[in-house]
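Summary of structural features
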Amino acid sequence: MQIQINTDRNIEGNNRLVDYYTSELEKELARFDDKITRVEVHLGDENSEKFGKNDKRCLIEVRVANLQPIAVTDHSDTIEKAFHSALNKVKKVLDTAFEKMRAH
């Protein structure tokens, strides 16, 4: 599973941030590891320096072998909350997709 973390110009994408989110993805998506080929995370602050409620965005796109890419987005007041909410959403979508595949 290849993981790529992208940040917009308003989010500092330092090594510590990349390492943390990469390890969280590896841990939380480990049960799908044999099916996922690539994960891309896009982190952004939609209001730049201005304050705004739920202006932090996390988009997670998962590429699964032999399926269309799966993408989820979450907005929150912090990048961490947006990331973890999006991660929970993507796990639910993957669970549903693989359950449907098993049923057929």
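Note: the structure precedes this text.
All values reported here derive from a predicted model rather than from experimental measurement. (Residues numbered from 1 in each chain as written. Predicted model: local features only at pLDDT ≥ 70, side-chain atom pairs only at ≥ 80, totals over all residues. Heavy atoms only, no water.)

On to the overall build of the protein chain, then. Scanning the protein chain from terminus to terminus reveals 2 helices and 4 strands. The secondary structure elements of the protein chain, listed N-terminal to C-terminal, are β-α-β-β-β-α. Expected size for 104 residues packed as a compact globule is a radius of gyration near 13 Å; at 14 Å, the protein chain falls within 12% of this value. When the backbone C-alpha atoms are referred to their principal axes, the protein chain occupies close to 50 × 25 × 20 Å. Among the 104 residues that make up the protein chain, the fraction classed as buried is 38%. Pairs at least 24 apart in sequence give 51% of the contacts found in the protein chain among residues at least 6 apart. Summing over all exposed atoms, the protein chain offers an accessible surface of approximately 6,500 Å²; the carbon and sulfur share of this is 46%. Computed over 17 positive and 19 negative side-chain charges, the inter-centroid distance for the protein chain is 4 Å. (Helix = DSSP H or I, 4+ residues; strand = E, 2+ residues; numbered from the N terminus. Rg over C-alpha atoms; globule rule 2.2 N^0.38 Å. Buried < 20%, exposed > 50% of the residue type's maximum accessible area, 1.4 Å probe, protein only. Contact = heavy atoms within 4.5 Å. Areas by Shrake-Rupley, 256 points an atom, 1.4 Å probe, with all protein chains shown as cover. Lys, Arg positive; Asp, Glu negative; His and termini not counted. Charge placed at Lys NZ, Arg CZ, Asp CG, Glu CD.)

Its 25 residues place the ends of helix 2 (residues 79-103) 36 Å apart at the C-alpha level, agreeing with the 36 Å of an ideal helix rising 1.5 Å per residue. When helix 2 is considered as a whole, its buried residues turn out to be Ile79, Ala82, Phe83, Ala86, Leu87, Val90, Lys91, Leu94, Ala97 and Phe98. In this structure, the buried residues of helix 2 make contact with helix 1 (15-28), strand 2 (36-45), strand 3 (56-64) and strand 4 (70-76). (Expected span 1.5 Å × (residues − 1).)

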